[in-house]
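Fold and geometry: a report
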There are 2 protein chains.
Amino acid sequence: MSVRDVFWLKILMVTLIEANMKVYKRITSDDLRSLVVRPVTSLAELEAKVNPIVSAVREQGDAAIRHFTREFDQVELNSLEVTTEEKIQGPSQLDESLKGAIKQAKENIQRFHEAQREKQVDIETMLGVHCWRQSVPIKKVGLYIPGGNAPLFSTVLMLAVPAMVAGCSEIIICTPPQKDGTIHPAILYAAEISEVHRIFKIGGAQAIAAMAYGTETVPQVFKIFGPGNQYVAAAKQLVNRDGIAIDLFAGPSEVLILADDSANPAFVAADLLAQAEHGTDSHCLLVTTSNALLYQVQLQIEKQLTSLSGNRHLQKSVDNFCLVLVKDMEDGIALSNLYAPEHLIISTHNAMGISSKVENAGSVFIGHHTPVSLGDYASGTNHTLPTNGSAVAYSGVSLDSFLKKITFQQATVQGLQNIGGIVTQMAIAEQLPAHANAVAVRLKSGE
Amino acid sequence: MSVRDVFWLKILMVTLIEANMKVYKRITSDDLRSLVVRPVTSLAELEAKVNPIVSAVREQGDAAIRHFTREFDQVELNSLEVTTEEKIQGPSQLDESLKGAIKQAKENIQRFHEAQREKQVDIETMLGVHCWRQSVPIKKVGLYIPGGNAPLFSTVLMLAVPAMVAGCSEIIICTPPQKDGTIHPAILYAAEISEVHRIFKIGGAQAIAAMAYGTETVPQVFKIFGPGNQYVAAAKQLVNRDGIAIDLFAGPSEVLILADDSANPAFVAADLLAQAEHGTDSHCLLVTTSNALLYQVQLQIEKQLTSLSGNRHLQKSVDNFCLVLVKDMEDGIALSNLYAPEHLIISTHNAMGISSKVENAGSVFIGHHTPVSLGDYASGTNHTLPTNGSAVAYSGVSLDSFLKKITFQQATVQGLQNIGGIVTQMAIAEQLPAHANAVAVRLKSGE
């Protein structure tokens, strides 16, 4: 992210006025830099830790996986793969009402991703020269679902549903086992309704390596998806250098809220706190034209914090909140485009109009009644989104992430005659006579 | 590329029978491995050479660029940027007929890429919950056009035309200067008609670094495209780790030709030789069901070689040709899908039918009258394609490569009521109460 082109800097000036959250009422260029440029995490150190794990799995397969599972998950597994019995048993324990919610979310996600199918169009670029693209599923895909405290079954839906819609013929999941060696029923249920083919009880960097290179038990895949801690992210980067495709380089989660005096401070505070809940490294920015809102939101944060006190991250995350006052919404959207947030909430008058000015963002939540939580779970859009400012050039996961678009062309004899001269001339000018020859031998043959 | 799932191995058996080209009439698993697995190039050594160049440009900007231009291109430049005068002067020297050919190619490419625009569709996933995607251009893109012996103006078209169609607001080119400090008129002409904004006389790893980090003269871009030698490729990998998007990891060019007894040996030989012309590291495979064709193609290669003797690469490349006899076309397409070629030619009976079985390829050329040269220059498809087996998971450059697809959602009050319960329930089950709270505060407020 460049800070060179901050043309609007002259408008925003600096002062850091409060100690608890970071409240900017006038922004300097130094402030701006600290707002927009995310802290750099050194990969070298991480890589030094992750590389031996990846290499061990690559060379020793299942034995290495069992070793790391004992070491990191403190679990000794009979089978690395979830058995058919477990797949039936698990979901049957799940609350019917939760099942219904997961099912409805799955249907919404499926509907939105199915609408992304591309219609095949034959373009006759010159008479007798036909060109088209065909969407072909990536045959084998691997989905990483993090473990930890909570079962992230929503991520199962977000990755497996588009994979299913794309028609990937082998969809596998790796997810760390719980302490008792099982996988949470909600993950098994989400996998079942998304038609996942196989599930492995493997977590961390060792799971990424297993899917990248294959082991006796785990099939090698062509593309790896999914969030994870820094070790998982580093392992994805490492295998990516080795030619395995990955979805995105994932960094800490982010929200930027654009709000004016029409916004409800309780809603804004709740959205900031929801983002903060992901971890102390979450980035939560409020950019507002309203000084009154800036103040009210702070009060609401304190108030809501008390009712959410169960989460140990929250208070620490709140200390990193950035609340920024801007002159007008034009400055606000300029700051947002420069920041390129993963999630952007537009809680303003004419939110739809402002949304048309979004240049860089992962997913945008418009109006006062559209919290990010909707997209995280059930609106239908994908929650796997570009972080760390990469929204300037990257999109979130979509149906396309599970497809290749292969181009095809076919020339008739007449078509070759129509285009042949152009190709020959260009090939000669590029000093590639054998390219010209491939056309010439055909034209000469008169076939 | 895994060699694990070579189910059809039992059908193909091994023998290497000739010394000059590699002719396989029965394939062993070892042969198969050597056919399908590309040689690994060690990046570590390259990186050690390229890293100092990238760092120098990052830290010293233009001064470092001038230094490396003197060192590598033996040119001392007044201006790093092509001037307006040069932009007018250059193309005026170009042959009118060549201009016409370039113009027609540009129009074909433009038509094919314009057809890739996605129509925006509003999906109401639940009553009152609206979701859609919007294609937004990547604002600043950098195109690398290699220098060397020939002016690769076709690559200018292949990258700048989709960038123009996408609506990127800053499209820049870096390309090494010729010995006299100028840029070839055909490159300037292709850039002009593709509406490139700025052109810089910079080549090699230093050009990639300049576009990745920006210098006093060269603007920083968000995504870098284009082919190049191994130093350019390594520099692209390095800046990619730093968060700069790139098009593809480019390896040596490849063609696989599927042919049966309907194929014309002269055409097949010409297509193999055209691919070979790119360099001695090109991969050229013929996979055929016809022993007679296998023999005739060898004769044709020898014959055509004599008339193409100007190219010093060719004979050496021919030594690496792989000609493979298979039992039937089913085995042929299985081998092709395993190999995942950048370019696939289908010169068979019912070529269209066989094309529907393609799982992994960059671009496919159907029938006897569609040489790869057409797609290289003018059919309209893009010639920037996945190599090195990456076609299993990657697509070639397309309009999408210059766009981000941003998702949007908007819920009405009624929509939030419809979806709120689902989201709340899922958030609680994932132990994310602040996510549930963001919905709850809104539902409670009754606004």
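Predicted model, so just to flag it, every value in this text is computed and none were measured.

A few words now on the relation of the copies chain A and chain B. When chain A is fitted to chain B, the best match, at an RMSD of 0.0 Å, comes from turning it 180 degrees and sliding it 0.0 Å along the axis. Taken together, the rotation angle and the small translation identify this as a two-fold axis. Nearest to the rotation axis, the C-alpha of Glu-118 of chain A is located 4.0 Å from it, this being the minimum over chain A. Same-surface contact between copies: 100% of interface residues of chain A are shared with the interface of chain B.

Bringing the confidence of the model for chain A into the picture now. Residue and element names in this part refer to chain A. Taken as a whole, chain A shows an average pLDDT of 92; of its residues, 94% reach a score of 70 or greater. Below pLDDT 50 for its whole length, residues 1-19 participates in 57 contacts with residues either more than four positions away or in separate chains. Interface scoring of the predicted complex returns ipTM 0.94; its pTM is 0.94.

Attention shifts here to the packing of aromatic side chains. Residues and elements named next belong to chain A. Evaluation of the coordinates by the stated rule reveals six aromatic pairs over all chains. Look at Trp-132 and Phe-408: their rings are 5.7 Å apart centre to centre, the planes differ by 5 degrees, and that puts the pair in the stacked class. Placement of the pair is Trp-132 in strand β4 (residues 129-137) and Phe-408 in strand β15 (residues 403-411), with a sequence separation of 276 residues. An identical accessibility class is assigned to Trp-132 and Phe-408; each is buried. Their ring planes at 10 degrees and their centres at 4.1 Å tell us that Phe-225 and Phe-402 sit as a pair that is stacked. Taken as a pair, Phe-225 in strand β8 (residues 223-225) and Phe-402 in the loop between α15 (372-377) and β15 lie far apart in primary sequence, 177 residues in all. Sitting above the plane of the Phe-222 ring, Lys-140 keeps its charged end 5.2 Å from the centroid.

Residue and element names in this part refer to chain B. Topologically, Pro-177 is positioned in the loop between β6 (170-174) and α7 (185-193). For the pair Pro-177 and Leu-248, spaced 71 residues apart in the sequence, the C-alpha separation amounts to 24 Å. Setting aside anything within four residues of it in sequence, one finds Pro-177 in contact with Thr-69, Asp-73, Val-75, Leu-77, Thr-182, Ile-183, Lys-201 and Ile-202.

Now for the sheet that holds strand β5 (residues 140-144) of chain B. All names here are of chain B. If you walk across this open sheet you meet the five strands as β7-β6-β5-β8-β9, and the pairing is parallel. With one partner strand each, in any of the chains shown, β7 (198-200) and β9 (245-246) form the two edges of the open sheet. Where β6 meets β7, three bridges bridge the pair, whose relative direction is parallel. When the bridges of β7 are listed, Ile-172 appears paired with Arg-198.

Thresholds applied
- Residues numbered from 1 in each chain as written.
- Chains lettered and ligands numbered in written order.
- Predicted model: local features only at pLDDT ≥ 70, side-chain atom pairs only at ≥ 80, totals over all residues.
- Heavy atoms only, no water.
- Least-squares fit on C-alpha atoms with pLDDT ≥ 70 in both.
- Contact = heavy atoms within 4.5 Å.
- pLDDT = per-residue confidence, 0-100.
- Phe/Tyr/Trp six-rings, centres within 6.5 Å; stacked < 30°, edge-to-face > 60°.
- Helix = DSSP H or I, 4+ residues; strand = E, 2+ residues; numbered from the N terminus.
- Buried < 20%, exposed > 50% of the residue type's maximum accessible area, 1.4 Å probe, protein only.
- Lys NZ or Arg CZ within 6 Å of the ring centre and 35° of its normal.
- Pairing = 2+ DSSP bridges.

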